[in-house]
Amino acid sequence: MAFYQRAGSIPPKRHTQHRDPDGRLYYEELMGEEGFSSDSSLLYHRHVPSAVVGARVWQLPDQSAEANAPLLPRHLKLHQLFEGEEWKSCDAVRDRRLVLGNADVRISYVVAGTASPLYRNATGDECVYVESGTGVVETVFGDLDAGPGDYVIIPRATTHRWVPSGHEPLRLYAIEANGHIAPPKRYLSRYGQFLEHAPYCERDLRLPGAPSVRHGEHVEVYIKHRGDGPGGLAGSVHVTPNHPFDVVGWDGCLYPYAFNIADFEPITGRIHQPPPVHQVFEGTNFVICNFVPRKVDYHPLAVPVPYYHSNVDSDEVMFYVGGDYEARKGSGINVGSITLHPGGFPHGPQPAAIEASLGAERFDETAVMVDTFRPLGLGEAGRVSDDGAYAWTWARS
Ligand SMILES: [Fe+2]
């Protein structure tokens, strides 16, 4: 994020001595993107941030993705993936299951009931959407509360962990980039402030609370990083001599934050508005959009559901998280479903949904969409949750 924040204890001048009450120096760390040429923050640690006393391989969950062949639209039922009481022993990091992925972005799903280990994704930023349940994302910058409808944006290499709270399963839809995830550039001034036409602004973002120092010795940190495994990934576990959450203060423009989908102000019109009005974030070669409850098109002859469209340059992934998605009526889509509409395939409403939408004043639907500019493959969770019938629903209606 482009706007400056500060928390805790920092010295008045950067790169100068900063000491604790006993006179010991704090260790300054710059965490910055694009080789000192983009956003960064300075963090002040009680211990040496690069100290490691052990390391071993972390065998990542299956990251292989198979081609969508033959090319078909697909309906994936994510709620089938974690059945029974299995979720109670799952954590939000190690038990993620890959649904869809390509060289730019991976979409995984997990239902968590236990705290994750400390984790650092060194391959890119994460945007984790909370479908349901509550938890705390403890980070080196401070803690973030997370609940239904939150997007939690975690910059690359931020040490953090997910701790479920309450008794409900924590259902997470993890969008992992191989680059950075940020608000669309067109929403921002040339200096980075949200513009008036943007559907959300700085006030809607929730930042970590004050950094809290934790104590511990020989603490494990799970690291997902570049490697020669499926998806170009590998995993390692580092053992640090002291707890990595030892920051007494930080400042800068790089930090995790949360944004709730209910704070997205929909842009509507007299006739159908194109999907870019629903955009919430962008990454390298993909965008994230959301469809939220809204008044719909008010031209007297408007057709509120979308026209058929060939997204010739992208694969479209819709995750249905609330309400009844109007354009998919009659297709078997429910909350917890994903649809994949690949490039090279014109898609649109099930025919009965068009007539049914005429005269509607409001759609009470919530969905998160990821459009990728390179084709997506099916991960193991995508393959086992495929209903195998969605492709034929337009001809059947
Ligand atoms: Fe579409």
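Note that the structure is predicted; figures quoted are calculated from it, not measured. (Residues numbered from 1 in each chain as written. Predicted model: local features only at pLDDT ≥ 70, side-chain atom pairs only at ≥ 80, totals over all residues. Heavy atoms only, no water.)

Comments concerning the coordination of the iron ion
For a metal bound by four donors in tetrahedral geometry, the ideal donor-metal-donor angle is 109.5 degrees, whereas six donors in octahedral geometry ideally sit at 90 or 180 degrees. Looking at the metal site, the iron ion is ligated by His309 (NE2), Glu316 (OE) and His347 (NE2), spaced 2.0 to 2.2 Å from it. Read from N- to C-terminus, the donor residues coordinating the iron ion fall into the pattern H-x6-E-x30-H. (Donors = N, O, S within 2.8 Å, 3.2 Å for Na, K, Ca; no water.)

Regarding the sheet that holds strand 20 (residues 279-283)
Pairing is antiparallel in the open sheet, where 6 strands are placed in the order 5-24-23-26-21-20. The outermost strands of the open sheet, each flanked by one partner alone, are strand 5 (74-77) and strand 20. If you compare each strand with its neighbour and ignore which way they point, the axes differ by 20° on average. Two elements, strand 21 (residues 286-291) and strand 26 (residues 365-372), share 6 bridges in a ladder whose sense is antiparallel. Its bridge partner being in strand 26, Phe291 is matched across the sheet by Ala367. (Pairing = 2+ DSSP bridges. Helix = DSSP H or I, 4+ residues; strand = E, 2+ residues; numbered from the N terminus. Axes fitted to C-alpha atoms, helices over the stretch in contact; angles between N-to-C directions.)

Structural notes on the UniProt feature "domain: Cupin type-2" (unreviewed entry) in the chain
Per the UniProt entry, the sites bearing "domain: Cupin type-2" (unreviewed entry) are residues 112-175 in this numbering. Along residues 112-175, the helical share is 0% and the strand share 62%, with 16 Å between the first and last C-alpha atoms. (UniProt positions renumbered as here; feature names shortened; annotations may be inferred.)

Some details on the side chain of Asn102
When you line up the elements, Asn102 lands in the loop between strand 6 (97-101) and strand 7 (105-112). Among the polar contacts listed, one links the side chain of Asn102 to the backbone oxygen of Arg374, at a separation of 2.9 Å. What Asn102 contacts, discounting residues up to four positions off in sequence, is Thr372, Arg374, Pro375 and Leu376. (Polar contact = N/O pair within 3.5 Å; in protein donor to acceptor, adjacent residues only side chain to side chain. Contact = heavy atoms within 4.5 Å.)

Quick word on the pattern of salt bridges
This structure, assessed with the given rule, holds 20 salt bridges. The salt bridge involving Glu85 is made with Lys88; its shortest N-O contact spans 2.6 Å. By relative accessible area, Glu85 is classed as exposed at 52%. Between Glu282 and Lys185 there is a salt bridge, with the nearest N and O atoms lying 3.8 Å from each other. On the criterion of sequence distance, the pair formed by Glu282 in strand 20 and Lys185 in the loop between strand 14 (170-177) and strand 15 (205-206) is long-range, its members being 97 residues apart. Residue Glu282 is classed as partly exposed on the basis of its relative accessible area, which comes to 21%. Look at the salt bridges and you will find they share partners, linking Arg96, Arg106, Glu126, Glu176 and Lys224 into a network. (Salt bridge = Lys/Arg side-chain N within 4 Å of Asp/Glu carboxyl O. Buried < 20%, exposed > 50% of the residue type's maximum accessible area, 1.4 Å probe, protein only.)

Regarding the sheet that holds strand 7
Picture the strands of a sheet paired through backbone hydrogen bonds; they go either parallel or antiparallel. As summarised here, the arrangement of the 8 strands in space is 15-19-12-9-14-7-6-27, forming an open sheet in which the pairing is antiparallel. Either end of the sheet is taken by a strand with one partner, and the two such strands are strand 15 and strand 27 (377-378). The pairing of strand 15 with strand 19 (residues 257-260) spans 2 bridges and is classified as antiparallel. Note that in strand 19 the partner of Leu205 across the bridge is Phe259.

Some remarks on the UniProt feature "binding site: Fe cation" (unreviewed entry) in the chain
With numbering matched to this structure, UniProt assigns "binding site: Fe cation" (unreviewed entry) to His309, Glu316 and His347. Across 39 residues of sequence, these annotated residues stay compact in space, with a maximum C-alpha separation of 11.1 Å. Other than its neighbours up to four places away in sequence, His309 contacts Glu316, Phe345, Pro346 and His347. A distance of 2.8 Å separates the side chain of His309 from the backbone oxygen of Tyr307, its partner in a polar contact. Along the polypeptide, His347 turns up in the loop between strand 24 (337-341) and helix 1 (351-357).

With respect to the environment of Glu220
Looking at the secondary structure, you find Glu220 in strand 16 (residues 217-226). Classification of Glu220 by relative accessible area gives partly exposed; the value is 32%. Between the alpha carbons of Glu220 and Leu118 there is a distance of 6.7 Å; along the sequence they are 102 residues apart. Apart from residues lying up to four places away in sequence, Glu220 is in contact with Arg56, Leu118, Val237, His238 and Val239. Only 2.7 Å separates the side chain of Glu220 from the side chain of Arg56, close enough to count as a polar contact.

Examining unusual backbone geometry
Note the cis peptide between Ala69 and Pro70, where omega equals -5°. With respect to the helices and strands, Pro70 occurs in the loop between strand 4 (54-57) and strand 5. Phi is positive for Phe36, which is not a glycine, with a value near 70°. Note that Phe36 resides in the loop between strand 2 (27-32) and strand 3 (40-45). With phi around 70°, Ala157 is a residue other than glycine that occupies positive phi space. Counting through the fold element by element, Ala157 comes out in the loop between strand 12 (150-154) and strand 13 (160-165).

A closer look at the nonpolar core
Among the nonpolar cores identified, the biggest contains 81 residues, and Tyr151, Trp162, Tyr173, Phe281 and Ile288 are the most heavily contacted of them. Three or more residues apiece are contributed to this core by two domains, here domain 1 (5-66 + 86-260) and domain 2 (263-396). The next biggest cluster of nonpolar side chains, apart from the first, holds 16 residues, and it includes Phe291, Met318, Ala367 and Tyr390. (Core = buried A, V, L, I, M, F, W, Y, C linked by side-chain atoms within 4.5 Å. Domains from an automatic or database assignment.)

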